[in-house]
Amino acid sequence: MKKLLNIKKMAKDMSLKDKARLLFADHTREFETQGKERLLTPEEEDAITESCQKKEQIPELNRLNSMYNLSGRVVRDVRARMLHLELAMSRLDTVVTYIHKHDEGEEKLRHLTYKLGTTDSVQKLYQEISNQSQSSFNWYSNKIEDGASSDSKKLVPDPHVQRLSVEALDASRMLRRVLHMMECIEQKGDMKFVGEMDEEIMQEAHKLLIRFSQEYYLVPVLNIYKEALDLDLLDTEQCQSSLFLEMVADFQKVNTLTDEDREDAENMVNQCLKDH
Amino acid sequence: MEWEFTTSQVMNGEVEYSLDDFYRDLENELDFNIDKYEIKEKANVLILFYAVIYLTATGREVEKVHELTEIPIDLIEYVVENCQENIEMLKAIIQRRFLYNIETSKGLLPNHLNTLFVNAYLRQCHQKLNLIQ
């Protein structure tokens with residue numbers, strides 16, 4: 001049996017939050033179906049608005065509506081930041097894969113040379129092949145010779161890896177920032193503003209950040225440099241940015257929002273709500 | 001020396017047993033067995049034992065250890081014969097370091113870099129223990 005709710009009648013006794021929820025759900029549905037579907041009839045929408053007018057709830061409804069509109073813009077920003085982070089991760093992936101494959105080739109060559117023996121002709125052949133296969137990417141930009149000791153020159157992290165790691169971290173911080181903006185909006189309105197589809201995007205964003213922090217190749221890559229840093233083998237002066245060094249020293253520490261970031265995000269939310 | 005754990009447990013990282021721990025235990029064992037010596041002599045005996053154990057654990061033959069340390073061959077042979085368990089344990093500690101680097105880099109670290117790191121790690125440990133400058 002299908003039971004129809006009499007929204008017009010119910011609107012009189014509804015709390016402001018429930019009325020707002022109905023109006024926002026209706027707008028979201030209309031937006032998601034490109035105007036083809038709505039949850040409320042125009043009469044029902046008018047009844048809710050009238051009820052708000054009678055109870056002098058219009059200023060508060062407008063305040064919540066501003067938050068609803070802002071949350072929609074924040075979701076679009078979240079999607080853009082997700083793409084930015086995925087792109088940064090993919091670029092770093094390419095370089096890491098390239099270095100790894102190159103290393104694998106070199107290891108095989110070393111093994112083959114070892115099996116063939118250490119005659120001059122074999123050594124010469126090894127050198128020739130090795131020189132030809134010089135990669136434009138390496139974990140360290142200064143080539144480490146076999147048998148190099150810790151007395152030798154200090155190691156400089158590959159500039160591409162440095163730049164792309166910092167870019168990926170920046171992208172993840174930007175995403176964290178917009179997600180924090182959404183938290184601020186929901187806290188201010190004391191309700192959720194996003195619909196089902198947008199909620200899925202928010203969930204995906206959180207999952208992406210977990211993947212970036214825990215499952216992605218950045219942490220193992222940074223560990224390669226962390227070991228060198230701990231052993232005093234890293235040429236810290238040749239690093240492109242202090243942020244890269246901070247990432248190497250303690251990735252989890254820099255991979256979170258600072259108090260300043262949070263404050264900035266909160267100020268931005270306040271400013272946007274003030275302007276509308 | 002006797003331990004409550006095996007070399008396999010150390011190598012697999014099930015038990016944390018560092019080179020510092022190993023050196024301290026070796027010191028205690030020698031203290032217990034050679035208490036008739038003066039403190040300075042004890043220190044020299046400890047360094048001698050450790051040098052032979054370390055060089056043997058890292059693959060050097062008796063002749064090579066003699067060449068590097070000038071310790072009499074019969075003394076080297078005595079230490080090697082009586083410290084087999086120590087040699088195996090030190091091997092496990094060093095192998096653990098290799099495995100640790102492979103695990104933390106999820107296999108991205110190439111062998112030549114791993115060797116460089118482990119050598120630097122051993123050097124750092126030996127510096128801390130004042131075995132080298």
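As shown above, the structure is provided for reference.
Values in this document were obtained by computation on a predicted structure and should not be read as measured data.

Analysis parameters
- Residues numbered from 1 in each chain as written.
- Chains lettered and ligands numbered in written order.
- Predicted model: local features only at pLDDT ≥ 70, side-chain atom pairs only at ≥ 80, totals over all residues.
- Heavy atoms only, no water.
- Helix = DSSP H or I, 4+ residues; strand = E, 2+ residues; numbered from the N terminus.
- Buried < 20%, exposed > 50% of the residue type's maximum accessible area, 1.4 Å probe, protein only.
- Areas by Shrake-Rupley, 256 points an atom, 1.4 Å probe, with all protein chains shown as cover.
- Contact = heavy atoms within 4.5 Å.
- Buried area = accessible area lost by both parts, 1.4 Å probe.
- Salt bridge = Lys/Arg side-chain N within 4 Å of Asp/Glu carboxyl O.
- Nonpolar A, V, L, I, M, F, W, Y, C, P; charged D, E, K, R; others polar.
- Patch = residues over 30% accessible without salt bridge, like charges linked within 9 Å, V, L, I, M, F, W, Y side chains within 5 Å.
- Lys, Arg positive; Asp, Glu negative; His and termini not counted.
- Charge placed at Lys NZ, Arg CZ, Asp CG, Glu CD.
- Axes fitted to C-alpha atoms, helices over the stretch in contact; angles between N-to-C directions.
- Parallel < 35°, antiparallel > 145°, perpendicular 65-115°, else oblique.
- Left-handed = near helix turned anticlockwise from the far one by under 90°.
- Core = buried A, V, L, I, M, F, W, Y, C linked by side-chain atoms within 4.5 Å.

Per the secondary structure count, chain A includes 11 helices and 0 strands. The helix and strand sequence of chain A, counted from the amino end, reads α-α-α-α-α-α-α-α-α-α-α. Residue burial in chain A is summarised as follows: out of 276 residues, 42% are buried. Just so you have it, chain A exposes about 16300 Å², and 51% of that area is on carbon and sulfur atoms.

Take the interface of chain A and chain B next. Between chain A and chain B, the residue contacts involve 26 residues of the former and 19 residues of the latter. Both sides together, the interface formed by chain A and chain B hides about 1900 Å², and carbon and sulfur atoms give 63% of it. Sorting the residues of chain A by area buried against chain B places Glu107(A), Glu227(A) and Leu231(A) first, and these three jointly supply 26% of that buried surface. Between Glu227(A) and Arg97(B) there is a salt bridge, with its nearest N and O atoms 2.8 Å apart. If you list the elements that add at least two residues to the side of chain A that touches chain B, you get α4 (58-116), α7 (196-215) and α8 (218-230) of chain A. A total of 7 residues in the side of chain A that touches chain B trace back to one element, the largest contributor, which is α8(A). Partitioning the side of chain A that touches chain B into residue classes produces 13 nonpolar, 5 polar and 8 charged.

Residue and element names in this part refer to chain B. Residues Glu61, Glu63, Asp74, Glu77 and Glu81 make up a contiguous surface patch of negative charge. Of the residues forming the negative patch, the biggest block, 3 residues, is contributed by helix α5 (residues 73-82). One can find Glu61 in the loop between α3 (39-57) and α4 (62-69). Take Glu61: its relative accessible area is 56%, and that puts it in the exposed class.

In this section: the environment of Met82(A). Residue and element names in this part refer to chain A. Structurally, Met82 can be placed in helix α4. Residue classification places Met82 among the buried residues on the basis of a relative accessible area of 11%. Spatially, the C-alpha atom of Met82 lies 21 Å from that of Met247, the residues being 165 residues apart in sequence. Other than its neighbours up to four places away in sequence, Met82 contacts Leu175, Ile201, Glu204, Ala205 and Leu208.

Quick look at the packing of helix α6 (residues 159-189) of chain A against helix α11 (residues 259-275) of chain A now. Residue and element names in this part refer to chain A. Contact pair α6 / α11: the axes reach a minimum separation of 9 Å and the direction vectors enclose 55°. By the angle class used here, α6 and α11 are oblique. The handedness of the crossing between α6 and α11 comes out as right-handed. Mapping the contact onto sequence places Arg177, His180, Met181, Cys184, Ile185 and Lys188 in α6 and Asp261, Arg262, Asp264, Ala265, Glu266, Met268, Val269, Asn270 and Leu273 in α11. For the contact of α6 with α11, the residue count by class is 7 nonpolar, 2 polar and 6 charged.

Within soluble globular proteins, side chains that are nonpolar tend to cluster in buried spots. Grouped together as the largest cluster of nonpolar side chains are 111 residues, with contacts concentrated most on Val78(A), Trp139(A), Tyr140(A), Leu175(A), Phe22(B), Leu90(B) and Phe117(B). Per-element accounting of this core gives the leading share, 16 residues, to α4(A).

In this section: the packing of helix α2 (residues 16-32) of chain A against helix α3 (residues 42-54) of chain A. All names here are of chain A. Where α2 meets α3, the closest approach of the two axes is 11 Å, and the angle between their N-to-C directions is 150°. Read as a crossing pair, α2 and α3 show a hand that is left-handed. Facing Leu16, Lys19, Leu22, Leu23, Asp26 and His27 of α2, the residues of α3 in contact are Glu45, Ile48, Ser51 and Cys52.

We now examine the pattern of salt bridges. Summed over all chains, the structure comprises 22 salt bridges over all chains. Of the charged contacts in the structure, one is a salt bridge between Asp18(A) and Arg21(A), with a shortest N-O distance of 2.9 Å. Taken as a pair, Asp18(A) and Arg21(A) lie in helix α2 at a separation of 3 residues, close to a single helical turn. You can call Asp18(A) partly exposed: its relative accessible area is 36%. Taking the shortest distance from any N to any O, the salt bridge between Glu88(B) and Lys91(B) comes out at 3.6 Å. Here Glu88(B) and its partner Lys91(B) are both found in helix α6 (residues 84-104), 3 residues apart, which amounts to about one turn of the helix. Judged by relative accessible area, which is 35%, Glu88(B) ranks as partly exposed. Note on Lys91(B): relative accessible area 30%, which makes it partly exposed. It is possible to trace a salt-bridge network through shared partners that takes in Asp26(A), Glu30(A), Arg38(A) and Glu45(A).

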